[in-house]
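# Coordinates in review
Here is what each chain is made of, one letter per residue.
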Amino acid sequence: MNIAICEDNCQDRELLLRGVERYCRERCYHAEIGVYQSGEALLDAFSPGAYQVVLLDIYLPGLDGIATARRLREIDPDCILIMVTVSTDHALDSYGVHAISYLVKPVDETRLFRALNLCRHLFERSSRAIEVPVTGNSVLLPMAGIRYAEVYGKNTRFHLENGTVETRLPLDEAERRLGGEPFLRCHRCYIVNLNHVVDVGEQALLLKDGGVVPMRKRGHKEVRLALARFLSGYVDESGGRDD
């Protein structure tokens, strides 16, 4: 679980950072922590799956915390938001961007830990994810949100519900990390999430959003059987078997 802290006040920023680090240390929990001083800086570094949790000050210079939160929601609807502020005046606004907690400064460590516990619970319950290397860093991709993956040069491009992520992983390694159903290698250069497939054509799979994924010529029958078996109901919506 990667965590971003966006706070313009140096003292408050350091307090939040120490609190998050202590939370992770005491629970032997690994988390990559990014620190930003403005909403613009956070958005420049943000991409789908880059951070699962964002602690966001409401009163920021330039783009304020609520406007930043709305932009984050557009980029990654699954991101978990914790709003931080000196005043409760904007509490209703924070609920409008679906923040799971509202922390008033000076932030009490007990309340911070309670909010982070909730974040962990929501993250671990809501999705399985795979970790992929991206431009010298790594990001977690919620598996339920992956529509398909394709070869892109020597890399793999993941097509998500809210954008694309390119990683230097070869497609064979991506297939291994995805771990089988609901993911199917339907073509030498493509892996599709069967949760997003609505029909099988002569040469391609039709996705719910209208997209099309090529299908190998040989093994066409096997792809149809795999989809029929999947749709028979023994794989659930989150990507795991419903045994």
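Residues numbered from 1 in each chain as written. Predicted model: local features only at pLDDT ≥ 70, side-chain atom pairs only at ≥ 80, totals over all residues. Heavy atoms only, no water.

### A short note on the overall build of the chain
For clarity, the threshold we go by: Secondary structure elements are defined from DSSP: runs of H or I of at least 4 residues count as helices, runs of E of at least 2 residues count as strands, and each element is numbered from the N terminus. Burial here depends on accessible area, computed with a 1.4 Å probe over protein chains only, as a share of the maximum for the residue type. Under 20% is buried, over 50% is exposed, and the range in between is partly exposed. The contact criterion used is simple: two residues touch if any of their non-hydrogen atoms lie within 4.5 Å. A 1.4 Å probe and the Shrake-Rupley method give the accessible areas. Residues count as covered only by the protein chains that appear here.
Counting its regular elements, the chain contains seven helices and 15 strands. Within the chain, buried positions represent 50% of all 243 residues. Expressed as a percentage of contacts within the chain between residues at least 6 apart in sequence, the contacts between residues at least 24 apart total 51%. With an accessible surface of roughly 12600 Å², the chain has 48% of that area assigned to carbon and sulfur atoms.

### Brief notes about unusual backbone geometry
Each neighbour pair has its own omega, and for K105 with P106 the value is -10°, a cis peptide bond. Assignment of secondary structure puts P106 in the loop between β5 (101–104) and α5 (109–126). That bond from E181 to P182 is cis: its omega, 10°, falls within 30 degrees of zero. Structurally, P182 is set in the loop between α6 (171–178) and β11 (183–187).

### Thoughts on the sheet that holds strand β3 (residues 53–57)
Hydrogen bonding along the main chain pairs the strands of a sheet, whether they run parallel or antiparallel. Rules: Here, any two strands with at least 2 DSSP bridges between them count as paired. Inter-axis angles, ranging from 0 to 180 degrees, are taken between N-to-C directions of lines fitted to C-alpha atoms, where helices are fitted over the stretch in contact.
Strand order in the open sheet formed by five strands is β2-β1-β3-β4-β5, and the pairing between neighbours is parallel. Here the strands that pair on one side only, and so sit at the sheet edges, are β2 (33–36) and β5. Mean inter-strand twist for the sheet, computed between neighbouring axes without regard to direction, equals 15°. Contacts from helix α1 (residues 10–26) reach β1 (3–6), β2, β3 and β4 (80–85), with the element oriented near 175° to β2.

### Let's talk about the packing of aromatic side chains
Working definition: an aromatic ring pair is given by the centre-to-centre distance plus the angle between the planes. For clarity, the cut-off: Aromatic pairing here means that ring centres of Phe, Tyr or Trp (its six-membered ring) are within 6.5 Å. Orientation follows from the plane angle: under 30 degrees is stacked, over 60 is edge-to-face, and everything else is tilted. Working rule: Lys NZ or Arg CZ, within 6 Å of ring centre, within 35 degrees of ring normal, means a charge sits over the ring.
Summed over the entire model, instances satisfying the criterion amount to three aromatic pairs. Between Y23 and F113 the ring centres are 5.3 Å apart and the planes differ by 70°, which places this aromatic pair in the edge-to-face class. Residue Y23 is located in helix α1, and its partner F113 is located in helix α5; the two are separated by 90 residues in the primary sequence. Each member of the pair, Y23 as well as F113, carries the same accessibility label: buried. Where Y36 meets Y51, the ring centres are 6.1 Å apart and the plane angle is 85°; that geometry is what we call edge-to-face. Taken together, the residues span a long stretch of sequence, with Y36 in strand β2 and Y51 in the loop between α2 (39–45) and β3 at a distance of 15 residues. Across the pair, Y51 and Y36 agree in class, each one buried. Stacked on the ring of Y152, the Lys or Arg R157 has its end atom at 3.7 Å from the ring centre.

### Things to note about the nonpolar core
Note the following rule: Remark: nonpolar core denotes a set of buried residues (Ala, Val, Leu, Ile, Met, Phe, Trp, Tyr, Cys) joined through side-chain atoms within 4.5 Å.
If you look at the biggest cluster of nonpolar residues, it comprises 38 residues, and the most contacted ones within it are L42, V54, L56, L141 and F158. If sequence neighbours within four positions are ignored, L56 has contacts with C6, L42, G65, T68, A69, L72, I82, M83 and V84. Among the nonpolar cores identified, the runner-up in size contains 24 residues, and C24, I80, L103 and L112 belong to it.

### Observations regarding the pattern of salt bridges
Just so we agree on the cut-off: Salt bridge, as applied in this entry: a Lys or Arg side-chain nitrogen positioned within 4 Å of an Asp or Glu carboxyl oxygen.
Following the criterion strictly, the structure yields twelve salt bridges and no others. Note that E109 is salt-bridged to R22, the shortest N-O span being 2.8 Å. Highlighted residues: E109 in helix α5 and R22 in helix α1, separated in sequence by 87 residues. Sharing partners across several salt bridges, the network here consists of E7, D12, D57 and K105.

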